[in-house]
Structure formats: structure tokens, C-alpha cells
Amino acid sequence: MRSRTVKRIIYLAVLIASGVLVSNIGGAFSYAFFFAVLLYPVAAVLQIIYTRIALRVYQEVDGRLLYKAAPVTYQIMIENNWFIPISGVKLSYDKEVSGFEDDYTYREFSLAPRGLESVSTRLTCRMAGNFEAGITRIHLQDCFGIITFDYDIPTPLRVSVLPVITDIAVNDISRLNTLQQSGKARFRMEREEESLGDETRRYIEGDRLSTVHWKNYARSGELRIRLPEKQNSEMMSIACITDDTSKDIKIRDFMLEYIVSIANWFAEQKKPVRFVYYNAGPRECLVDDYESFKEFYLSVLPEIGRGMKDEEAAEVKDELLMETMKSHGVYFAFSEAAGELARLG
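Calculation rules
- Residues numbered from 1 in each chain as written.
- Predicted model: local features only at pLDDT ≥ 70, side-chain atom pairs only at ≥ 80, totals over all residues.
- Heavy atoms only, no water.
- Pairing = 2+ DSSP bridges.
- Helix = DSSP H or I, 4+ residues; strand = E, 2+ residues; numbered from the N terminus.
- Axes fitted to C-alpha atoms, helices over the stretch in contact; angles between N-to-C directions.
- Parallel < 35°, antiparallel > 145°, perpendicular 65-115°, else oblique.
- Left-handed = near helix turned anticlockwise from the far one by under 90°.
- Contact = heavy atoms within 4.5 Å.
- Nonpolar A, V, L, I, M, F, W, Y, C, P; charged D, E, K, R; others polar.
- Phe/Tyr/Trp six-rings, centres within 6.5 Å; stacked < 30°, edge-to-face > 60°.
- Buried < 20%, exposed > 50% of the residue type's maximum accessible area, 1.4 Å probe, protein only.

(A) How the structure looks around the pairing of strand β4 (residues 86-93). Pairing analysis gives two bridges linking β4 to strand β6 (residues 109-111), with the strands arranged antiparallel. Residue pairing for β6: Ile86 is matched across the bridge by Leu111. The pairing of β4 with strand β9 (residues 135-141) spans five bridges and is antiparallel. Directly across from Lys90, in β9, lies its bridge partner His139.

Shown next, in the form of C-alpha cells:
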């Protein structure tokens, strides 16, 4: 910005000097120089307009489902789609959400007619959620950097980024366990044998033999275990309230990391927890082991809050709370805006 201001001051100084030259000396050269300097901004604007029309920028990564803090192969292609050379092209990105192993955004790109330049590096997403990663803005300028034009990239790189699995929620879960043991909480984070339902999943080494669906084994020869009833009277249900509708990436990042931490703890303990969330309508997912956690992590988590409009936030919140409290058990809500887990009822 400071450099651009200096260049503009220099241009004004040259323009004034050329005017003085015309007034005091005259002649063909003085007039030609004066009008060249005077009309330069018009030529610069035309150059930028042409560059805007001719420029094409494409970005590619390995897949659209990424992991936070995990570098992935990234490529960007910058193309001049017309027949006149272009120059003065610079790119930028949001350093809060993305990072490049080899940062090429300091460069100024110039392309020959029908020219194409490709840059390969590795991209790291620093937040979890659904957002635009990589290059987000394009900056155009004239040959001397006097006039500039910035705009959002027409084809942004939209990605879904999964959070890191941490123990961020373990302290809250420990607090709930303490309440349970002291008798202040009227629920147990346990699975009862007699509460097994008709739904099954594949047997995993370490599962209790008492949960094996022996009739199914006798019929098909496949070991499967029976899952607990979703209406378990002592099951914990958690409403995932996306109040902020993901406008603040940091808030959404914390929410996703917190929720997946809860799901991971219950999966490790092989205890059931029910998540109620919004994805074009209220939906729910039961997590009680590694297999169900994997499905929740890869398929459900990126969809939480999808399809919700700003004006629907209050209505959606009420729907989720009602859906959460339809089953028997104990109810909690994690509010994205508040950033905390709260008991319902």
C-alpha cells in the first residue's frame, strides 16, 4: 500500500512537470510527453480490464474432504485465454485458514498470449469446517503499479475439513462422570445388556460375546453384534446447535473439534451417545463404537449445519431441541455461539 502511494505521488509529480515543460518550452516533444502522461491512467485501466477478461485461474487438490493440519498436494494453473500478453497479476489467500509449503503469492505473474503457468506445492488447512481454501483473491495492476483492481476468485476452492481428534471435551465428560458417581446426575453413561435392539453391525475383536446376534450367526455364518436401543432410558443425547451458521470459522472449528472429542470418548468406551444435528432438516446419529464413530467423523460431521439460512437459526434451534428431547434419557446441547455444553431440562 505504501509503495503504491509513493508511485502515485511520483506520477502526479511527473504530470505536473510535463505541464510545466509544455508551458515554458512548448514544442512537439513536450506536448507528446504531456499527453502520454495525461492519458496513461486511461491506458492502464484498459490494460486491467483486458487482463480481467483474459485471465483464468484454476485450483486443484487431492479430494474435497481434507484433514485439519494435514498437508495435501495442491496445484494452481494461471492461464491467459486471449491473444495479447498480460502482466501485473498477483494472488492472495486467507492466512488464517490456509497455508502453503512454498508460498508463491509474493510473485507477480506475466503470461504470453495463450500462455499457461502452473505452480505445485502443498496446502494445509488450519481450521475445520466448510470454507474456501487456497487462493481467494486476485490482484491486478498496471505496468507501474499506479492503478490496481482486486476481486474474489471466480472459481473458489471449496473444501470440507475434518477436525483433529483431541481430548478437548474430556474434562467436561469427567465432570459428568463425577456428578453421576455422586448421585447428582440421574443417568449412567453405561450400556445395559437388556437394552439391545434389532439393529446390528459387524463384530470387532474386543466386543462382548453377550452382544453377538447368535441367530444371525447360525443363519448366515457372519458374526454381528446387536446395537443398543436408541431409546435407551439412560442414553445421553446432544443437540448440535449451529447458531452462528459458520460465519466465524474459528467458532465452527472449535465446535467441530469439541463434538468429535465427545464422540471419540464414547466410541473408545463403547458407550452410546446420540447426536441430533441439522442437515436440511433435523437428523440424528448414534455413536457407540469405532465403526459408528468412523461413519460419524467422515460422513456426518461435514454436514452439520448444512442448508441452514440465517433467518432460520432460531426456528432450527427449537426443532433440534424438540427432536433431542423426544427420546428418553438425559439431554444436552452444544451451542456453537456460546461454545459450551449445557444440560437441558
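(B) A look at the packing of helix α1 (residues 2-24) against helix α2 (residues 28-54). Where α1 contacts α2, the axes come no closer than 9 Å and their chain directions differ by 150°. In terms of orientation, α1 lies roughly antiparallel with respect to α2. Of the two elements, α1 crosses α2, and the hand of that crossing is left-handed. Contact residues: α1 offers Tyr11, Val14, Leu15, Ser18, Gly19, Leu21 and Val22, while α2 offers Ser30, Tyr31, Phe33, Phe34, Val37, Leu38, Tyr40 and Pro41. For the contact of α1 with α2, the class distribution of residues is twelve nonpolar, three polar and no charged.

(C) Broad picture of the packing of aromatic side chains. One pass over the full model with this rule turns up 16 aromatic pairs. An angle of 25° between the planes, with centres 4.6 Å apart, marks the rings of Tyr258 and Phe334 as stacked. Of this pair, Tyr258 sits in helix α5 (residues 249-269) while Phe334 sits in strand β17 (residues 330-335), and the two are 76 residues apart along the sequence. Judged by its relative accessible area of 3%, Tyr258 falls in the buried class. Assessed through its relative accessible area of 1%, Phe334 is described here as buried. Among the aromatic residues, ring-to-ring pairing joins Tyr74, Tyr93, Phe100 and Tyr104 into one connected group.

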